Amino acid sequence: MPEELNNHTIAFLVAPEGTEQVELTEPWKTVEAVGGAPTLVSTDDGTIQAFDHLDKADTFPVDVTVADASVDDFDALVLPGGVANPDFLRTDEKAVAFIKAFFDAGKPVAAICHAPWTLVEADVVKGRDITSYPSVRTDLRNAGANWVDEEVVVDRSGPNTLITSRNPDDLPAFNATLVTEFAKSRA
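Owing to the predicted nature of the structure, the values given are computational and were not obtained by experimental measurement.

Q: Explanation requested: the overall build of the protein chain in the structure shown.
A: Counting its secondary structure elements, the protein chain contains six helices and 12 strands. Since a compact globule built from 187 residues should have a radius of gyration of about 16 Å, the 15 Å found for the protein chain is in line with a globular shape. Sequence separation of 24 or more characterises 66% of the internal contacts of the protein chain that already satisfy a separation of 6 or more. Accessible surface computed for the protein chain: about 8100 Å², of which carbon and sulfur atoms make up 45%. Of note, the protein chain has its 14 positive side-chain charges centred 7 Å away from the centre of its 32 negative side-chain charges.

Q: How should the sheet that holds strand E8 (residues 109-112) be read in this particular structure?
A: Each strand in a sheet pairs with another by means of backbone hydrogen bonds, the pair being arranged parallel or else antiparallel. Strand order across the open sheet formed by seven strands is E6-E3-E1-E7-E8-E12-E11, with mixed pairing between neighbours. Both edges of this open sheet fall to strand E6 (64-65) and strand E11 (152-155), since each of them pairs with a single strand only. In this structure, strand E1 (residues 9-14) lies alongside strand E3 (residues 37-42), joined through six bridges in parallel fashion. Pairing of Val14 across the sheet is with Ser42, part of E3. Running at roughly 150° to E3, helix H1 (residues 21-33) makes contact with E1, E3, strand E7 (76-79) and E8 of the sheet.

Q: Sorry if this is basic, but what is going on with the pairing of E8 here?
A: Across a regular strand the side chains alternate sides, sitting on one face of the sheet and then on the other. Of the two faces of E8, the one lined by Val109 and Ala111 and the one lined by Ala110 and Ile112 are each fully buried. Note that E7 and E8 share three bridges and pair parallel. In the sheet register, Val78 faces E8, and the bridge partner there is Ala110.

Q: I would appreciate a short explanation of helix H3 (residues 93-104) in the present structure.
A: Side chains that are three or four residues apart share a direction in an α-helix, a result of its 3.6 residues per turn. With 12 residues, H3 should cover 16 Å at 1.5 Å per step; its first-to-last C-alpha distance of 16 Å lies within 8% of that length. Put simply, Asp92 is the residue that caps the front of H3, since its side-chain oxygen is 3.1 Å from the backbone nitrogen of Lys94.

Q: What's the story with the sheet that holds strand E5 (residues 55-61) in this structure? I'm lost.
A: Here we have three strands laid out as an open sheet, ordered E2-E4-E5, and mixed in their pairing. At either end of the open sheet lies a strand with only one pairing partner, and these are strand E2 (17-20) and E5. On average, adjacent strands in this sheet sit at an angle of 45° to one another, irrespective of strand direction. Contacts between H1 and the sheet are confined to E2, strand E4 (47-52) and E5, with E2 contributing the most and set at about 55° to the helix.

Q: Would you explain the environment of Leu119 in this entry?
A: The topology assignment puts Leu119 in helix H4 (residues 116-121). Residues Leu119 and Lys100, 19 residues apart in the sequence, show an inter-C-alpha distance of 7.9 Å. With residues up to four places along the chain from it excluded, the contact list for Leu119 reads Leu79, Ile99, Phe103, Val109, Ala111, Val124, Val125, Ile130 and Leu162.

Q: I would appreciate a short explanation of the pairing of E1 in the present structure.
A: Most of E1 is tucked away, with five of its six residues classed as buried. Relative to E7, E1 runs parallel, the two being bridged by three bridges. Bridged to Ile10 within E7 is Ala76.

Each value, and the rule that gives it
- Residue numbering note: each chain is counted from 1, following its sequence as written.
- Whole-chain, interface and lining totals are the exception, using all residues; otherwise, since this is a predicted model, local features are given only for residues with pLDDT of at least 70 and side-chain atom pairs are given and counted only at 80 or more.
- To obtain the side-chain values, all non-hydrogen atoms of the structure were included, while hydrogens and water were left out.
- Comment: elements are numbered from the N terminus, with helices defined as DSSP H or I runs of at least four residues and strands as E runs of at least two.
- C-alpha atoms define the radius of gyration in this analysis, and the globule rule sets the expected value at 2.2 Å times the number of residues to the power 0.38.
- Any two residues whose heavy atoms approach within 4.5 Å at even a single point are treated as in contact.
- For the area figures, the Shrake-Rupley method with a 1.4 Å probe applies, and any residue is considered shielded solely by the protein chains shown.
- Only four residue types enter the charge count, namely Lys and Arg as positive and Asp and Glu as negative; His and the chain termini do not.
- Charged groups are reduced to one reference atom each: NZ for lysine, CZ for arginine, CG for aspartic acid, CD for glutamic acid.
- We call two strands paired when DSSP finds no fewer than two bridges between them.
- For helices, the fitted axis covers only the stretch in contact; all axes are lines through C-alpha atoms, and the angles between them, taken along N-to-C directions, range from 0 to 180 degrees.
- Relative accessibility thresholds used throughout: buried, under 20% of the residue-type maximum; exposed, over 50%; partly exposed, between the two (1.4 Å probe, protein chains only).
- Between the first and last residue of a helix there are one fewer steps than residues, each counted as 1.5 Å, and that sum is the expected span.
- Polar contact is the term for a pair of N or O atoms within 3.5 Å; when the atoms are in protein, one must be able to donate a hydrogen and the other to accept it, and sequence-neighboring residues count only if both atoms are side-chain atoms.

Without other data, these values stay purely geometric and don't point to any function.
Shown next, in the form of structure tokens:
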């Protein structure tokens, strides 16, 4: 696989628990496979507890807390899903500010499944084409997004590129698209 993300550092923002493991690990492996450097950012230090749906899965070490992270240190942001993960993140002011900072800086963001809930809280979806897990659809529409039911959606109409997908079944398309779009961001 080509090394398309050499010298790209990608933030993966997750809560201390509730992240859908495959939505963290598969994009992470993809970023590494193409030469990128993924970094696990969370609201607390230590480890995060990932889940396989409602069952505990593996734990992963946090590289940096959101309080100590700066958007300037990253080229792009990935927001994995899971029901509890984005629900927790959207109640954390520093996490929401960190997400919004990527939009303000014009840096690409990729969100899958329930993760767009955090985008609603950051007030960055109005007028944007977006997809998500179906249960998030109404929240996105109420926040002014144009929700569509597609495997992967790339929206370039705002200050940055926004990549969204619906669920773990969409991971192959999501991963391929985020690599392509993240690589363009520094081309």
